[in-house]
Amino acid sequence: MPSPCSCMSFNPETRRLSIGLDNGTISEFILSEDYNKMTPVRNYQAHQSRVTMILFVLELEWVLSTGQDKLFAWHCSESARRLGGYRTSAVASGLQFDVETRHVFIGDQSGQVTILTLEQDTCTLVTAFRGHTGGVTALCWDPVQRVLFSGSSDHSVIMWDIGGRKGTAIELQGHNDKVQALSYAQHTRQLISCGGDGGIVVWNMDVERQETPEWLDSDSCQKCDQPFFWNFKQMWDSKKIGLRQHHCRKCGKAVCGKCSSKRSSIPLMGFEFEVRVCDSCHEAITDEERAPTATFHDSKHNIVHVHFDATRGWLLTSGTDKVIKLWDMTPVVS
């Protein structure tokens with residue numbers, strides 16, 4: 001290759017291999033039936049710098065790509081002609097496409113997810129939303145339920161209900177390091193997330209999940225009315241020392257440490273680990289509500305790439321330790 005390779009996309013039906021390069025070019029090859037020969041087909045002058053992601057859309061004969069130049073572009077795979085482009089606010093780090101609606105989903109390093117509608121040579125901005133406090137590291141689209149999953153360096157996964165048109169966003173907290181990759185098993189409605197902590201988490205998405213509440217603002221504890229440390233007037237009037245503010249993860253109220261001394265998992269809200277809750281919410285949470293909705297597995301390596309074969313139930317992970325592992329997921333994804 002004329003430049004170091006940065007990403008690739010393979011289509012088994014056409015045996016088409018698209019390889020992104022550091023110099024911004026996408027090189028396309030057709031593999032022979034026995035996979036022993038690569039025939040060069042064409043090159044796309046797609047970007048000004050490193051290609052970060054490629055998607056080949058067979059139904060439309062399009063090649064979608066993103067690059068370090070903050071450009072999303074799509075080309076005709078038959079003529080190699082550029083059809084259009086869109087400049088993102090930050091370098092893209094996640095790319096998914098819905099054939100039916102021609103929506104493209106672009107996650108970037110600022111934590112934003114942008115949705116565009118693509119036509120043959122134009123694109124329209126549908127919306128852009130932000131829910132992560134860190135950059136988006138992975139995207140996964142379920143075309144049946146019409147939900148988008150985004151993983152982030154903030155250790156969380158968010159499920160965005162695109163099809164419901166209600167703006168519902170469900171947080172999933174199950175990693176202790178950044179989420180590196182996402183895969184979805186449509187037939188069982190299970191999400192597989194893998195992280196830098198080596199964790200493989202299998203989420204049951206076939207349950208009625210709840211949105212996490214917005215955190216409320218207050219100058220004093222919403223349980224005992226003790227002033228927080230910036231509320232000088234109430235501190236002076238009541239002759240009390242100001243307290244540090246916390247938030248209950250279940251109701252969102254601003255509370256002091258004394259009124260939120262308990263911890264609990266809230267799996268239906270995505271909190272598989274124990275989090276801070278106020279004392280009244282802790283009493284209200286039932287054992288059924290604490291029942292886990294995810295299973296946790298240790299891959300024993302820092303995962304950077306994942307591929308899930310739904311037909312066989314096999315998961316392939318590759319890590320920073322230069323090891324590729326193949327997992328039989330049928331005991332947990334079934």
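Residues numbered from 1 in each chain as written. Predicted model: local features only at pLDDT ≥ 70, side-chain atom pairs only at ≥ 80, totals over all residues. Heavy atoms only, no water.

Going by what an unreviewed UniProt entry lists, the protein is known as WD repeat and FYVE domain-containing protein 2 isoform X6 and is assigned to Vulpes vulpes. Turning to the protein, the UniProt annotation filed under Subcellular location (unreviewed entry) states: "Early endosome". (UniProt positions renumbered as here; feature names shortened; annotations may be inferred.)

Quick look at the UniProt feature "repeat: WD" (unreviewed entry) in the protein
When the UniProt feature table is mapped to this numbering, "repeat: WD" (unreviewed entry) covers residues 129–162, 172–213 and 296–329. With 0% helix and 62% strand, residues 129–162 has its two end C-alpha atoms placed 11 Å apart. Across residues 296–329 one finds 0% helix and 62% strand; the C-alpha atoms that close the span lie 12 Å apart. (Helix = DSSP H or I, 4+ residues; strand = E, 2+ residues; numbered from the N terminus.)

Details of the pattern of salt bridges
Side chains that differ in sign of charge can pair as their charged atoms come close. For the coordinates displayed, the defined rule picks out 10 salt bridges. One salt bridge connects Asp206 with Arg189, and the closest N-O pair in it is separated by 3.3 Å. Highlighted residues: Asp206 in the loop between β19 (199–204) and α1 (232–238) and Arg189 in the loop between β17 (179–185) and β18 (190–195), separated in sequence by 17 residues. Take Arg189: its relative accessible area is 26%, and that puts it in the partly exposed class. Here Asp309 makes a salt bridge to Arg312, at a shortest N to O gap of 2.9 Å. Bridged by salt links that share partners, the residues Arg16, Glu28, Arg42 and Glu61 form one connected network. (Salt bridge = Lys/Arg side-chain N within 4 Å of Asp/Glu carboxyl O. Buried < 20%, exposed > 50% of the residue type's maximum accessible area, 1.4 Å probe, protein only.)

Examining the sheet that holds strand β27 (residues 324–328)
Spatial ordering of the open sheet is given by β25-β26-β27, a layout of three strands whose pairing is antiparallel. Where the open sheet ends on each side, the last strands, each with one partner, are β25 (303–309) and β27. Averaged over all neighbouring strand pairs, the angle between strand axes comes to 20°, with direction disregarded. Here six bridges tie β25 to strand β26 (residues 314–319), and the two strands are oriented antiparallel to one another. Each bridged residue has a counterpart across the sheet, and for Val306 the counterpart in β26 is Thr317. (Pairing = 2+ DSSP bridges. Axes fitted to C-alpha atoms, helices over the stretch in contact; angles between N-to-C directions.)

A few points about unusual backbone geometry
With a phi close to 60°, Arg146 is a non-glycine residue in the positive phi region. Along the chain, Arg146 turns up in the loop between β13 (136–142) and β14 (147–152). At Lys322, a residue that is not glycine, the phi angle is positive and equals roughly 65°. Position of Lys322 among the secondary structure elements: in the loop between β26 and β27.

Side note on the side chain of His75
Following the sequence through the fold, His75 ends up in strand β7 (residues 71–76). Residues within four places of His75 in sequence aside, it is in contact with Tyr44, Gln45, Ala46, Glu61, Trp62, Val63, Ala80, Arg81, Arg82 and Leu83. (Contact = heavy atoms within 4.5 Å.)

Quick look at the pairing of strand β4 (residues 38–45)
Both strand β3 (residues 25–31) and β4 contribute to a ladder of seven bridges, which runs antiparallel. Its bridge partner lying in β4, Thr25 is registered against Gln45.

A few points about the nonpolar core
Formed by 16 residues in total, the largest nonpolar core has its most connected members in Phe149, Val157, Leu172, Leu182, Leu191, Trp203 and Met205. Contributing elements (two or more residues each) for this core: β13, β14, β15 (156–161), β16 (169–173), β17 and β19. Sorting elements by how many residues they give to this core places β17 first, with three residues. Residues within four places of Trp203 in sequence aside, it is in contact with Leu172, Gln173, Gly174, Arg189, Gln190, Leu191, Ser193, Arg209, Gly270, Glu272, Thr293 and Ala294. (Core = buried A, V, L, I, M, F, W, Y, C linked by side-chain atoms within 4.5 Å.)

What to know about the sheet that holds β18
Adjacent strands of a sheet form backbone hydrogen bonds with each other and so pair up, either parallel or antiparallel. The strand order across the open sheet formed by four strands is β17-β18-β19-β24, and the pairing between neighbours is antiparallel. Single-partner strands in this sheet number two, and they are β17 and β24 (294–298). Within this sheet the neighbouring strands show an average axis-to-axis angle of 15°, counted without direction.

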